[in-house]
Amino acid sequence: VVTMAAGCGGGLDLDDVEHRAIEAACTREVRCGYAPDVASCIDDTQLSPWYASYIRSLVAAAKAGAVTYDADAAAACFDLSATATCGSASTLLAEDPCAAMFRGTRATGATCQLDEECASGNCGQFDCTGDACCAGTCGQPIVAPGLGELCDDPSLGAPRQCATGLYCDIEG
């Protein structure tokens, strides 16, 4: 059962999310001078396969009921993505409406595959060995670091998203 929150029109059908996500990212890539045109960007082996796989995982999670899907937030998110300033793509998913597109339904302690499946936004995968894929466990929310706080915390296994309006200055 797919739970969809959508208002009056304008929302994006769940089956169109993958194409629209890549199209929006490529629109920004072309505008910023990183790709010659949208069509070749979509075919690019650097951007599309990883991003498409991630988006496919989120769509599958929505279809499985592990996340809720907000069609209006998706449309707004990809409009924002297409027009975002150059260099800002890595922060988009932390910003509304992108953060509202997929919401986790699983409680702390539940099995998960993606952060987005957890109501906390934190799927800890602590028992993985080597390159094997394994399930994680929904943990407590990870608080976004504020101004002047450490954003690259090695204990978390990956850099954290900074609070809205901030970025991680890894060079400075």
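The rules behind the values
- One numbering rule holds for all chains: residues counted from 1, following each sequence as written.
- In keeping with the model being predicted, local features are shown solely for residues with a pLDDT of at least 70 and side-chain atom pairs are shown and tallied solely at 80 or more, while totals for entire chains, interfaces and linings include all residues.
- Excluding hydrogens and water, the side-chain figures rest on all heavy atoms present in the structure.
- Partly exposed describes any residue whose relative accessible area lies between the buried limit of under 20% and the exposed limit of over 50%, with all areas from a 1.4 Å probe on protein chains only and scaled to the type maximum.
- In DSSP terms, a helix is any run of H or I states spanning at least four residues, a strand is any run of E spanning at least two, and both are numbered starting from the N terminus.
- Strands are treated as partners if at least two bridges between them are detected by DSSP.
- Any two residues whose heavy atoms approach within 4.5 Å are treated as being in contact.
- In the analysis that follows, any N or O atom pair within 3.5 Å is treated as a polar contact, provided that within protein one partner can donate a hydrogen and the other can accept it, and provided that, for residues neighboring in sequence, both atoms belong to side chains.
- In this scheme Phe, Tyr and Trp rings, the latter by its six-membered ring, pair at centre separations within 6.5 Å, and the angle between planes marks the pair as stacked below 30 degrees, edge-to-face above 60, and tilted otherwise.
- Whenever a carboxyl oxygen of Asp or Glu lies within 4 Å of a side-chain nitrogen of Lys or Arg, that contact is scored as a salt bridge.
- By definition, pLDDT measures how confident the predictor is in each residue, and it falls between 0 and 100.
- What a helix should span is 1.5 Å times the count of its residues minus one.

Caption draft 1: Layout of the pairing of strand E2 (residues 67-70). Every second residue of E2 is oriented toward a common face, the buried set being Val67 and Tyr69 and the non-buried set Thr68 and Asp70. Relative to strand E3 (residues 102-104), E2 runs antiparallel, the two being bridged by 3 bridges. Residue pairing in the sheet places Thr68 in a bridge with Arg103 of E3.

Caption draft 2: Region of interest: the environment of Ala62. Along the polypeptide, Ala62 turns up in helix H3 (residues 48-63). With relative accessibility at 0%, the residue Ala62 sits in the buried group. In this structure the C-alpha to C-alpha distance between Ala62 and Glu117, which are 55 residues apart in sequence, comes to 8.8 Å.

Caption draft 3: Seen up close, the environment of Asn122. Secondary-structure assignment places Asn122 in the loop between strand E4 (111-112) and strand E5 (123-124). On the basis of relative accessible area, Asn122 is assigned to the buried category, the value being 14%. Apart from the residues lying within four places of it in its own chain, the contact partners of Asn122 are Asp115, Thr137, Cys138, Gly139, Gln140 and Ile142. At 2.7 Å, the side chain of Asn122 forms a polar contact with the backbone oxygen of Gln140.

Caption draft 4: Structural view of the packing of aromatic side chains. Under the defined criterion, the tally for this structure stands at 1 aromatic pair. On the numbers, 5.4 Å between centres and 40° between planes, the contact of Tyr69 with Phe102 is tilted. Of this pair, Tyr69 sits in strand E2 while Phe102 sits in strand E3; the two residues are 33 residues apart in sequence, bridging distant segments of the chain. No difference in accessibility class separates Tyr69 from Phe102, as the two residues are buried.

Caption draft 5: A look at the pattern of salt bridges. Scanning the model with the defined rule gives 5 salt bridges in all. Note that Asp15 and Lys63 form a salt bridge whose closest N and O atoms lie 2.7 Å from each other. Taken as a pair, Asp15 in the loop between strand E1 (4-5) and helix H1 (17-31) and Lys63 in helix H3 lie far apart in primary sequence, 48 residues in all. What emerges from the salt-bridge pattern is a single network uniting Arg20, Glu23 and Asp79.

Caption draft 6: Inspection of the confidence of the model for the chain at higher detail. Looking at the chain, pLDDT values average 79 and 75% of them are 70 or higher. Across the chain, element-level confidence peaks in E2 with a mean pLDDT of 96 and bottoms out in E1 with 46. Note that residues 1-8 has pLDDT below 50 and, in this model, 18 contacts with residues that lie over four places away or in other chains.

Caption draft 7: Inspection of H1 at higher detail. Spanning 15 residues, H1 covers 21 Å between terminal C-alpha atoms, matching the ideal 21 Å at 1.5 Å per step. Within H1, burial applies to Val17, Arg20, Ala21, Ile22, Ala24, Ala25, Cys26 and Arg28. Taken from the residues just after H1, Gly33 is the one with a positive phi, measuring 85°.

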